[in-house]
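Residue-level structural notes
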Amino acid sequence: MTATVRVMLFRDVAEGIHRLEIAHTNTYFVETGDQLLVVDAGLPAAWPHLQLAVLDLGYTPAQVEGLLLTHGHFDHVGTAARMHRDWGTPVYVHPGDRRLAAHPYSYRPQTNRLGFVALHPGGLLPLGRMLLAGAATVEGIEDTLPLESRAEVPGSPWIIETPGHTDGHVALHFADRDAVIAGDALVTFDPYTGGIGPRIVAPAATADVDTAVASLDGLVDTEAKHVLPGHGPTWSLGARAAVTQARRAAGAA
Ligand SMILES: [Zn+2]
Ligand SMILES: [Zn+2]
């Protein structure tokens, strides 16, 4: 079944940052000199491709100094337990999402998901691809460290709290690369609706829409050129323009 999962590695989406897309879900590799950070762990079917990508980029698993999770949803945690076990990689998540990362199906979306997909058939195909990639079989990760203090996290990104999509969602600002990894605080493709362009994720998978819209200010403040979302392609026209479009899409312009 994994043969039907599309895998794409986009190199240098920002300086020293690479994007691996599998089943509409992004994992980022951030080069930090002679080591590598992984941001978000994708779906279970990503595992062999993550290993290949690390080698392809010229590193070994032993050089992966940390896995940073933007949040605890199943599609960002899918290989975390495996990576921790097989590579010994320390896993970081904000304390607000620690429990969710350990139990990735325990989240509370703002609306009923099944009814929502019935209203938005554009989400059927992407969600089907996510299911093929193991979306229903994710193992949680219990053993995590707090993604809270910049000084204690490998790569030292600025940690921008962006609650709303989940309570403990964070974006990671790599100021030296002019890039912010936005996770699901702002996406350029919404797998729940098939919607294209900068937007917050549909209420079907977002805990609190108003809070998620308010959190977009944190992305604007980075003034980053490159916005690297959890789903969809890179946006390189600046965080402010991305947020303007996302607010418009949410009817909150
Ligand atoms: Zn999410
Ligand atoms: Zn997601």
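Residues numbered from 1 in each chain as written. Chains lettered and ligands numbered in written order. Predicted model: local features only at pLDDT ≥ 70, side-chain atom pairs only at ≥ 80, totals over all residues. Heavy atoms only, no water.

The next point concerns the coordination of the zinc ion (ligand 1). At the metal site, the zinc ion (ligand 1) is ligated by His71 (NE2), His73 (ND1), His165 (NE2) and Asp184 (OD), and these contacts range over 2.1 to 2.3 Å. If you list the donors of the zinc ion (ligand 1) from N- to C-terminus, the spacing comes out as H-x1-H-x91-H-x18-D. In this model, the zinc ion (ligand 1) sits 3.3 Å from the zinc ion (ligand 2), the two metals being bridged by Asp184. Of this pair, His73 sits in the loop between β5 (64-68) and α2 (74-77) while Asp184 sits in the loop between β10 (179-183) and β11 (187-190), and the two are 111 residues apart along the sequence. (Donors = N, O, S within 2.8 Å, 3.2 Å for Na, K, Ca; no water. Helix = DSSP H or I, 4+ residues; strand = E, 2+ residues; numbered from the N terminus.)

Right, let's get into empty space enclosed by the protein. With a probe scaled to a water molecule rolled over the atoms, the places where space remains empty come into view. Across all of its chains, the model carries two cavities of 30 Å³ or more by this definition. The volume enclosed by the largest cavity comes to roughly 40 Å³. What lines the largest cavity is simply Arg6, Met8, Glu21, Ile22, Ala23, His24 and Arg129. Grouping the amino acids of the lining of the largest cavity by side-chain chemistry returns three nonpolar, one polar and three charged. By volume, the second largest cavity is sized at about 30 Å³. Along the walls of the second largest cavity sit His73, Asp75, His165, Asp184, Pro191, Tyr192, Val201, Ala205 and His231, which together make up its complete lining. (1 Å grid on protein atoms, 1.4 Å probe; cavity = no way out; pocket = protein on both sides within 12 Å on 5 of 7 lines; lining within 4 Å. Points joined across faces, edges and corners; volume = space filled by probe spheres on them. Nonpolar A, V, L, I, M, F, W, Y, C, P; charged D, E, K, R; others polar.)

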